[in-house]
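Report on the structure
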Amino acid sequence: MAEDLDELLDEVESKFCRPDPVRLDMVELPKGCGGGTHSSDRNRTKAKETLRSTETFKEEDDLDNLINEIFEEPNFDKKPCKLKSKSSGNTSVKASIQAFGKSCSPVYLGGSAIPCGIGTNTSWRACDHLRCVACDFCIVSYNDYMWDKSCDYLFFRNNMPEFHKLKAKLIKKKGSRAYACQCSWRTIEELTDLQTDHQLRWVCGKH
C-alpha cells in the first residue's frame, strides 16, 4: 500500500513539479536512518503544495481568460452601434416625412402672378409638382405664355417636353401661365382649383 502511494506521488511530482529537488532529497537521506519515512512525508507535503499551487494558478488563468473573453465579446461593441444606427434611421425617416409629407390640398393652377409652392386653403399657391396620371408625364409650365389655339394632341405627343419644339405654339401673354403634359394643355390666368376642371387627370406629385 505504501509503495503504491509512493508511486502515485512520484507520478504527480513528475507531471506538476520539477522532479530534481525531490529526487535529490530521497537520495541524500539514507533509508537506514528512517530516510524512507521522512522522504515519503516530505514528498506528500510537497505534492500537496504543488497541487494547491497548480490549482491556484489554473484557477487564476481561467479567471483571466474569462475576463478577457467578456471584454472581447463583440456584443459590447455592436450594441451601441445598433442603437446609434437605429436612432439615426428614425431621424432620417422623420426628416423624410417632414420633407416629403406635405402636398397641395387643394391643388391650384394659376397665372404668372400667382406664386408657386404648396397650395392650401389658407395659402393660395400654384402647384409646381404636377403630374398627369393618364400619360405619366410631369406637367411643364411657362410664365407669361399662352398656348396657340391650333395646338392638338399630336403636337404635344411628338414634342413634349422639349421647350425649343413647344415654343412654336407658345404666344407671349403677360400674366398667363401655359401648362401642358403629353395629352393635355391649359392656359391659366387666375387662381383655379384643379378639381373644377374634370377633364384634367393632373395631381400633385409631391410626396
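Residues numbered from 1 in each chain as written. Predicted model: local features only at pLDDT ≥ 70, side-chain atom pairs only at ≥ 80, totals over all residues. Heavy atoms only, no water.

Stated formally: UniProt positions are given in the numbering used here, feature names are shortened, and annotations may be inferred rather than shown by experiment.
Looking at an unreviewed UniProt entry, one finds the protein named Cilia- and flagella-associated protein 418, with Otolemur garnettii as its source organism. Recorded in UniProt for the protein, the comment headed Function (unreviewed entry) runs: "May be involved in photoreceptor outer segment disk morphogenesis."

1. Regarding the overall build of the protein
Test applied: Under the DSSP-based scheme used, a helix requires at least four consecutive residues in state H or I and a strand at least two consecutive residues in state E, with every element numbered from the N terminus. Only protein chains enter the calculation, and the probe is 1.4 Å; a residue is then buried if its accessible area is under 20% of its type maximum, exposed if over 50%, and partly exposed in between. Whether two residues are in contact is decided by their heavy atoms, any of which lying within 4.5 Å being enough. Values of accessible area rely on a 1.4 Å probe in the Shrake-Rupley scheme; residue burial ignores everything except the protein chains shown.
Helix and strand counts for the protein stand at six helices and seven strands. Reading the protein from its N terminus to its C terminus gives the helix and strand order α-α-α-α-β-β-β-α-α-β-β-β-β. A total of 207 residues make up the protein; the buried ones form 25% of that total. Counted over contacts in the protein with a minimum sequence separation of 6, partners at least 24 positions apart contribute 56%. Within the structure as shown, the protein displays about 14800 Å² of accessible surface, and the carbon and sulfur contribution to it stands at 55%.

2. Thoughts on the pairing of strand 5 (residues 185–188)
We apply this condition: Note: two strands are recorded as paired if DSSP finds a minimum of 2 bridges between them.
Note: strand 4 (residues 170–180) against strand 5, four bridges, orientation antiparallel. Within strand 5, the residue paired with R177 across the bridge is I188. The loop that links strand 4 with its antiparallel partner strand 5 comprises four residues.

3. Let's talk about the side chain of S176
Counting through the fold element by element, S176 comes out in strand 4. Residue classification places S176 among the buried positions, given a relative accessible area of 0%. Apart from residues lying up to four places away in sequence, S176 is in contact with G111, S112, Y142, N143, D144, Y145, T187, I188 and E189.

4. Some words on the confidence of the model for the protein
Which entries qualify depends on this criterion: On a range of 0 to 100, pLDDT expresses the predictor's confidence in each residue.
Across the protein, pLDDT averages 74, with 54% of residues at or above 70. Scored below 50 in pLDDT, residues 19–37 makes 13 contacts in the model with residues more than four places away or belonging to other chains. The low-confidence segment residues 73–100 (pLDDT under 50) makes five contacts with residues lying over four places distant or belonging to another chain.

5. Concerning unusual backbone geometry
That bond from S105 to P106 is cis: its omega, 0°, falls within 30 degrees of zero. Counting through the fold element by element, P106 comes out in the loop between helix 4 (75–100) and strand 1 (108–109). Following M160, the chain continues to P161 via a peptide bond in cis, the omega torsion being 0°. On the secondary structure map, P161 appears in the loop between helix 5 (153–159) and helix 6 (163–166). Non-glycine residue D144 carries a positive phi angle of around 60°. By the secondary structure assignment, D144 is in strand 3 (residues 140–147). Judged by its relative accessible area of 26%, D144 is partly exposed.

6. Side note on the pairing of strand 4
Across seven bridges, strand 3 lies against strand 4 in antiparallel orientation. Counted as the bridge partner of Y142 is A178 from strand 4.

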